[in-house]
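Next come the chains, spelled out residue by residue.
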Amino acid sequence: SQTIHQWPATLVQPVGSPLSLECTVEGTSNPNLYWYRQAAGRGLQLLFYSVGIGQISSEVPQNLSASRPQDRQFILSSKKLLLSDSGFYLCAWSALSYEQYFGPGTRLTVT
Amino acid sequence: AQTVTQSQPEMSVQEAETVTLSCTYDTSENNYYLFWYKQPPSRQMILVIRQEAYKQQNATENRFSVNFQKAAKSFSLKISDSQLGDTAMYFCAFMKLHTGANSKLTFGKGITLSVRP
């Protein structure tokens, strides 16, 4: 069966510091991968998606970036965090055009 | 662009009773999927149920069922025999069918459901 992992689970970072969140998927090949952000009490906002290694599409212009160095690895990064980057970050995977399955998420607090 | 609207921010139901969560959407597409996701206090998003737009029969998964009204662009979730573990935030989501490999979801803002003992 497929599983999706995210780490770290929680993170507290000062403004201006770098960020690296990692997502890995097991049990499937060539998945579509997604990064979402959820602000407190709100819905999910799609940040990035990837249909293959090195293929990244951005949905929202911001100071975040994403990379996919391996088939089942998806990384969310920032060179300098802003206060507005605080939130809950969710990674998801899907097979072709079907439903998405989510990881446990990372709670990021920028201080 | 597609939009998903969940107009009820909160609902409450007594344990063992039935509750219906509303969702409407707007699209010009004819082929698409609709989903309900559950987000419990742990905050992991869990897929509850899926409905293909080309299917007239409403989807069911154990205590969860949907009322899909394609002409009205309405997609409500009915939870029967509510349990304390059903307490969560519920999100309605829309996905346009692509011939390619991308399956982007558009989410509603969610509704907080509380099940009272």
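Being a predicted model, the structure only gives us computed values, none of them experimental.

**Focus on the nonpolar core**
Ranked by size, the top nonpolar core spans 26 residues in total, and within it L21, W36, L77 and Y90 of chain B carry the most contacts. Broken down by element, the residue count for this core peaks at four residues, all from strand β10 (residues 88-96) of chain B. When sequence neighbours within four positions are dropped, the list of residues in contact with L77 of chain B reads V19, T20, L21, W36, I49, F64, S65, V66 and Y90 of chain B. Within the second largest apolar cluster, 20 residues are counted, among which are C23, W35, F74 and V110 of chain A.

**Details of the pattern of salt bridges**
Residue and element names in this part refer to chain B. The final tally for this structure, using the stated rule, is eight salt bridges over all chains. Measuring nitrogen to oxygen at the nearest pair gives 4.0 Å for the salt bridge that ties E29 to K96. Highlighted residues: E29 in the loop between β4 (24-26) and β5 (32-39) and K96 in strand β10, separated in sequence by 67 residues. Classification of E29 as partly exposed rests on a relative accessible area of 30%.

**A look at the environment of G105 of chain A**
Residue and element names in this part refer to chain A. Looking at the secondary structure, you find G105 in the loop between β10 (101-102) and β11 (106-110). Residue class for G105 comes out buried when judged on its relative accessible area of 5%. In this structure, the C-alpha to C-alpha distance between G105 and Y89, residues 16 residues apart in sequence, is 5.4 Å. Apart from the residues within four sequence positions on either side, G105 is in contact with Q6, P8, A9, F88, Y89 and L90.

**Some words on unusual backbone geometry**
The phi torsion of most residues other than glycine is negative, and most of the peptide bonds are trans. A cis amide bond, omega 0°, links W7 of chain A with the succeeding residue P8 of chain A. Within the secondary structure, P8 of chain A sits in the loop between β1 (3-7) and β2 (10-13). A positive phi angle, near 50°, is found at N30 of chain A, a position not held by glycine. Residue placement: N30 of chain A occurs in the loop between β3 (19-26) and β4 (32-38). A relative accessible area of 48% places N30 of chain A in the partly exposed class. Positive phi is not limited to glycine here, since K73 of chain B has a value of about 55°. Structurally, K73 of chain B can be placed in the loop between β8 (64-69) and β9 (74-79). A relative accessible area of 26% places K73 of chain B in the partly exposed class.

What counts and how
- Residues numbered from 1 in each chain as written.
- Chains lettered and ligands numbered in written order.
- Predicted model: local features only at pLDDT ≥ 70, side-chain atom pairs only at ≥ 80, totals over all residues.
- Heavy atoms only, no water.
- Core = buried A, V, L, I, M, F, W, Y, C linked by side-chain atoms within 4.5 Å.
- Buried < 20%, exposed > 50% of the residue type's maximum accessible area, 1.4 Å probe, protein only.
- Helix = DSSP H or I, 4+ residues; strand = E, 2+ residues; numbered from the N terminus.
- Contact = heavy atoms within 4.5 Å.
- Salt bridge = Lys/Arg side-chain N within 4 Å of Asp/Glu carboxyl O.

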